[in-house]
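Each chain is listed here by its residues.
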Amino acid sequence: MSQTAALRLRQAIARTEDATRERTPVGRRPEEADDLLGTFATDGALGFDPFPFLQAIHDAGSRAIVVGQVAGIVHGSTELTGDLDLLWDGTPGEAQALRDALTLCGCSELPDLDRSQAGYRVTGASGDLCTPELRWGAMDVTPCLTSAETTRDPAGFVIRYAALDDLIRMRRALGRPKDHRRADELARLRA
């Protein structure tokens, strides 16, 4: 199992830290991101460090996969982000694994995992926990869970993330300006 994708993410998080070092918080949370710039333009990018939560997901035995811009980054996207979105299957066992991971990372208010999309906040990261029940345009994202790719972080844990073609389809299905731009970038990386 290659570490290349995990190293790309580590480099992007270091770039995020450098780019936001002098930025003053403006009180704009990741869930208030616009459809053009995304969460990098919010306070979510300040101190963004998804690695403790990604390790907790691994340690809890969760099979959730990284989607959104963090998945784009591990495929080689150069755009930075300030949130970590995950896709999970919606089963009770997986819900328990996610609750365990959230608790390990300091989540004081566990999200309602009976919903198709639930926001979360842990030390270093926030984002959405989405199930295939959430509308992704006309796309059924259920197969993305089994076609996910993996990378081993240098710290020893495995990160599961959406396959490149799945991520491009997800981006196009969502259809926001940032999604079209990022899908085009990912398609160029594939070529």
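Conventions and cut-offs
- Residues numbered from 1 in each chain as written.
- Predicted model: local features only at pLDDT ≥ 70, side-chain atom pairs only at ≥ 80, totals over all residues.
- Heavy atoms only, no water.
- Salt bridge = Lys/Arg side-chain N within 4 Å of Asp/Glu carboxyl O.
- Helix = DSSP H or I, 4+ residues; strand = E, 2+ residues; numbered from the N terminus.
- Buried < 20%, exposed > 50% of the residue type's maximum accessible area, 1.4 Å probe, protein only.
- Contact = heavy atoms within 4.5 Å.
- Phe/Tyr/Trp six-rings, centres within 6.5 Å; stacked < 30°, edge-to-face > 60°.
- Lys NZ or Arg CZ within 6 Å of the ring centre and 35° of its normal.

Peer 1: What is the right way to look at the pattern of salt bridges in this model?
Peer 2: Opposite charge on two side chains makes pairing possible when the charged atoms of those side chains draw close. Scanning the model with the defined rule gives 13 salt bridges in all. Measuring nitrogen to oxygen at the nearest pair gives 3.7 Å for the salt bridge that ties Glu17 to Arg21. A salt bridge links Asp165 to Arg190; the nearest nitrogen and oxygen atoms lie 2.6 Å apart. Remark: Arg190 occurs in helix H7 (residues 177-190) and Asp165 occurs in helix H6 (residues 164-174); sequence separation between them is 25 residues. Under the relative-accessibility criterion, Arg190 is labelled partly exposed at 47%. Salt bridges sharing common partners tie together Glu17, Asp18 and Arg21.

Peer 1: So what exactly am I meant to see when it comes to H6 here?
Peer 2: Owing to its 3.6 residues per turn, the α-helix aligns residues three or four sequence positions apart on the same side. Buried within H6 we find Leu164, Asp166, Leu167, Ile168, Met170 and Arg171. Contacts made by the buried residues of H6 are with strand S1 (65-67), helix H3 (68-75), strand S2 (85-87), helix H5 (142-146), strand S5 (149-152) and H7. Just downstream of H6, Gly175 is the residue with a positive phi angle, here 75 degrees.

Peer 1: I tried to follow the packing of aromatic side chains on my own but got confused; where do I start?
Peer 2: What describes a pair of aromatic rings is the distance from one ring centre to the other and the angle between the planes of the rings. This structure, assessed with the given rule, holds 1 aromatic pair. Relative to Tyr120, the ring of Phe53 lies with its centre 5.0 Å away and its plane at 40 degrees, an arrangement referred to as tilted. Here Tyr120 lies in strand S3 (residues 117-122) and Phe53 lies in helix H2 (residues 51-59), a separation of 67 residues in the sequence. The buried category is assigned to Phe53, whose relative accessible area is 0%. Classification of Tyr120 as buried rests on a relative accessible area of 4%. One cation-aromatic arrangement involves Arg10 over Phe51; the distance from NZ or CZ to the ring centre is 3.7 Å. The ring of Phe40 has Arg23 sitting right over it, with the charged end atom 4.8 Å from the ring centre.

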